[in-house]
Structures are given as C-alpha cells and as structure tokens.
Amino acid sequence: AIAALAAAREQYGADVVALHVQAMPIPDASMPVMGDLGLGTAAADTEPIHQEQLSKLAETLQTEGVSCRTDLRRGVINDTVLAAADEHNADLIVLG
C-alpha cells in the first residue's frame, strides 16, 4: 500500500491525508435515562491515542518518501469522511 501511495504521489503529485473519524455515540432513545449520560467522555479519552496512531502512520509514510497530513475528527462516519474529502478536495478515498 505504501508503494502505491508513493507511486501516486510521484506520478500525479497526489497529497495524502490520513483521516480518522471517531464515531459519535448515539444514545438509545428506547431506554429510560437517569442522570448524566457522559456522552463524549469515552471519545475524548481516546483522542490522544488516535492522534498518536495517525502521527505514527504519517512518520512511517514520511520515511518511505510519502508526505502525509493527518486529520482527526468526530462525527457520523460516512458524513464526516465525505465532508473531509470535500474540504481536502480529494479525488480518491481509500478506506481500510
């Protein structure tokens, strides 16, 4: 995969953006709720982990000659991926 990114970068001048989307928890409206749900707490706790993983990926790509920017977001996954692709003017989205 790294070789394919390097080739695309060299041949087309492609920019690589590594995106990770943290899914927002969706409360179950059918269940009774008492007190604070604490929504967002778990996602906030994992943000440094995801940022570190993105940074390590970018470093790995950089050592292989592929410059890479990182983007960490929260939201509904499909909507957030499409919004990021639009903002980054992406021509190709690779999921994995």
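Conventions used here
Every chain is numbered on its own, with residues counted from 1 as its sequence reads. The predicted nature of this model means local features are confined to residues of pLDDT at least 70 and side-chain atom pairs, given and counted, to a pLDDT of 80 or more, with totals for whole chains, interfaces and linings taken over all residues. For the side-chain quantities, the full set of heavy atoms in the structure was used; hydrogens and water were omitted. What we call a nonpolar core is a set of buried Ala, Val, Leu, Ile, Met, Phe, Trp, Tyr and Cys residues that are connected through their side-chain atoms within 4.5 Å. Residue burial is assigned from relative accessible area. The probe radius is 1.4 Å, only protein chains are included, and a residue is buried under 20% of its type maximum, exposed over 50%, and partly exposed in between. The helix count covers DSSP runs of H or I at least four residues long, the strand count covers runs of E at least two residues long, and both are numbered beginning at the N terminus. Contacts are assigned to residue pairs that have any heavy atoms within 4.5 Å of one another. One speaks of a salt bridge when a side-chain nitrogen belonging to Lys or Arg is within 4 Å of a carboxyl oxygen belonging to Asp or Glu.

Engineer: Hey, could you run me through the nonpolar core in this one?
Structural biologist: Nonpolar side chains in soluble globular proteins tend to be buried together. Grouped together as the largest cluster of nonpolar side chains are eight residues: Val 16, Ala 18, Leu 54, Ala 58, Leu 61, Val 66, Cys 68 and Leu 72. For this core, the elements supplying multiple residues, two or more each, are strand E1 (16-23), helix H2 (41-63) and strand E2 (68-75). By residue number, the principal contributor to this core is H2, which donates three residues. Once you skip the residues sitting within four places of it in the chain, Leu 61 turns out to touch Ile 2, Leu 5, Val 16, Val 66 and Cys 68.

Engineer: Honestly, the pattern of salt bridges in this entry has me stumped. Any pointers?
Structural biologist: Working definition: two side chains of opposite charge can pair if their charged atoms are close together. Throughout the structure, instances matching the rule amount to five salt bridges. Glu 47 serves as the salt-bridge partner of Arg 74, at 2.9 Å between the closest nitrogen and oxygen. Placement of the pair is Arg 74 in strand E2 and Glu 47 in helix H2, with a sequence separation of 27 residues. Using a relative accessible area of 35% as the deciding quantity, one classes Glu 47 as partly exposed. Arg 73 is the salt-bridge partner of Glu 87, the closest N and O atoms lying 2.8 Å from each other. Of this pair, Glu 87 sits in helix H3 (residues 77-87) while Arg 73 sits in strand E2, and the two are 14 residues apart along the sequence. Residue classification places Arg 73 among the buried positions, given a relative accessible area of 18%.

Purely geometric stuff here, so don't read any function into it on its own.
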